[in-house]
Amino acid sequence: MSSPANVFRELHETGCFIVPNPWDAVSARLLVHCGFKALATTSSGYAFTTGRRDSSRQISGQEAIDHASALSRATGLPVTLDGEDCFADTPEGVAETVARAVKAGLAGISIEDRDTSNPGHIRPYSEALERVHAAVLEARKSGIVLTARADGLGKGAYDLDEVLRRLSAFAEAGADVVYAPGLPDLEAIRTVCASVPVPVNHVIGQGATGLSFDQLADAGVRRISLGGSFTRAALNAINTLGQTIAAGDFTSLDAAPAWSRLC
């Protein structure tokens, strides 16, 4: 039987696919019924549900790993962890986080060039690359799928040329997948996909809008994630439903999924 990491890796080799981002076990189970083959955690979605802020080290690496592991156990699907900056200040700490994700049976983990101990700060190129190297060396011991992110474009810290420099270096260092949140349009997405030799993830809800699955696949994207947008859309549905109920109309509750789909 293939390991979760191998199953997840094979999905990247068979064309473009969607990996949605549930925030708890019940949302994950609903996505199983929708037919998805793998899941990704969302640091922002999980933070929202616990009343904490995203990317501020308010959630520890072990808690994030335990959360991802719980989604995996609830569904039996490969789960990749939104690892933020691997919750560590040093390359050694990065490697330790990857090792703990492997021990938890996760299929993948991401590392980004943000410094979550200093919100809004993007790590210098050399430091970011050193940390990706450390993550790669640890990931290769097990085969867990490592995704490396360049977050500076979406944060206004650098331009597309620097995105390409960083993602190319991350790929050369051995990252299995790369991506850059905040790419502004389809042409930028196409440029990134053509410039790196590994699969590219595109996250919906940051940067370019209005693009279809077919457009992204034709541009060369191999994996589409939803990030925190999925959680925010679900919360918007709760907000809308709450307003309807507050007005005395309960008919929208009739569309709720059956109990059997929730457990």
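Going by what an unreviewed UniProt entry lists, the protein is known as 2-methylisocitrate lyase-like PEP mutase family enzyme and is assigned to Roseibium algicola.

Trainee: Describe helix H4 (residues 61-75), naming the residues involved and giving the relevant values.
Mentor: Between its first and last C-alpha atoms H4 spans 22 Å; for 15 residues at 1.5 Å apiece the expected length is 21 Å, and the two agree. Buried within H4 are the following residues: Gly-61, Ala-64, Ile-65, His-67, Ala-68, Ser-69, Leu-71, Ser-72, Ala-74 and Thr-75. Gly-76, located one to two residues past H4, shows a positive phi value of around 75°.

Trainee: Quick rundown of the nonpolar core? Include the residues and the values.
Mentor: Counting residues in hydrophobic clusters, the biggest one holds 58 residues, and the most contacted among them are Ile-109, Ile-111, Leu-167, Phe-170, Val-178 and Ile-189. Here this core takes seven residues from helix H7 (residues 160-173), the largest share from any one element. Discounting residues that sit within four places of it in the chain, Val-178 has contacts with Ala-148, Leu-167, Phe-170, Ala-171, Val-196, Val-198, Pro-199, Val-200 and Asn-201.

Trainee: Talk me through the sheet that holds strand E8 (residues 177-179); I want residue IDs and the actual numbers.
Mentor: With respect to topology, five strands assemble into an open sheet ordered E2-E3-E4-E7-E8, the strand pairing being parallel. Only two strands of the sheet have a single partner each, and these edge strands are strand E2 (39-40) and E8. Strand direction decides the pairing type here: E2 and strand E3 (residues 79-81), joined by two bridges, are parallel. In the strand pairing of E3, Ala-40 is matched with Thr-80. Running at roughly 170° to E3, H4 makes contact with E2 and E3 of the sheet. Along the sheet, H7 makes contact with strand E7 (145-149) and E8, crossing E8 at roughly 170°.

Trainee: Kindly report on the packing of H7 against helix H8 (residues 186-195), identifying the contributing residues and their values.
Mentor: Two elements in contact, H7 and H8, have axes whose closest approach is 10 Å; the angle formed by their N-to-C orientations is 30°. In this view, H7 runs roughly parallel relative to H8, as classed from their interaxial angle. Handedness of the H7/H8 crossing: right-handed. Residue-level inspection shows Leu-160, Val-163, Leu-164, Leu-167 and Ser-168 of H7 in contact with H8, the latter providing Ala-188, Thr-191, Val-192 and Ser-195. Considered class by class, the residues forming the contact of H7 with H8 number six nonpolar, three polar and no charged.

Trainee: Give a detailed account of the pattern of salt bridges, specifying residues and quantitative values.
Mentor: Under the definition given, this model contains 15 salt bridges. Residue Asp-151 pairs with Arg-114 through a salt bridge whose shortest N-O separation is 3.6 Å. On the criterion of sequence distance, the pair formed by Asp-151 in the loop between E7 and H7 and Arg-114 in strand E5 (residues 114-115) is long-range, its members being 37 residues apart. A relative accessible area of 3% places Asp-151 in the buried class. Its relative accessible area of 14% is what places Arg-114 among the buried residues. With its nearest N and O atoms 2.5 Å apart, the salt bridge here joins Arg-149 to Asp-151. We note that Arg-149, like Asp-151, is buried.

Calculation rules
- Residues numbered from 1 in each chain as written.
- Predicted model: local features only at pLDDT ≥ 70, side-chain atom pairs only at ≥ 80, totals over all residues.
- Heavy atoms only, no water.
- Helix = DSSP H or I, 4+ residues; strand = E, 2+ residues; numbered from the N terminus.
- Expected span 1.5 Å × (residues − 1).
- Buried < 20%, exposed > 50% of the residue type's maximum accessible area, 1.4 Å probe, protein only.
- Core = buried A, V, L, I, M, F, W, Y, C linked by side-chain atoms within 4.5 Å.
- Contact = heavy atoms within 4.5 Å.
- Pairing = 2+ DSSP bridges.
- Axes fitted to C-alpha atoms, helices over the stretch in contact; angles between N-to-C directions.
- Parallel < 35°, antiparallel > 145°, perpendicular 65-115°, else oblique.
- Left-handed = near helix turned anticlockwise from the far one by under 90°.
- Nonpolar A, V, L, I, M, F, W, Y, C, P; charged D, E, K, R; others polar.
- Salt bridge = Lys/Arg side-chain N within 4 Å of Asp/Glu carboxyl O.

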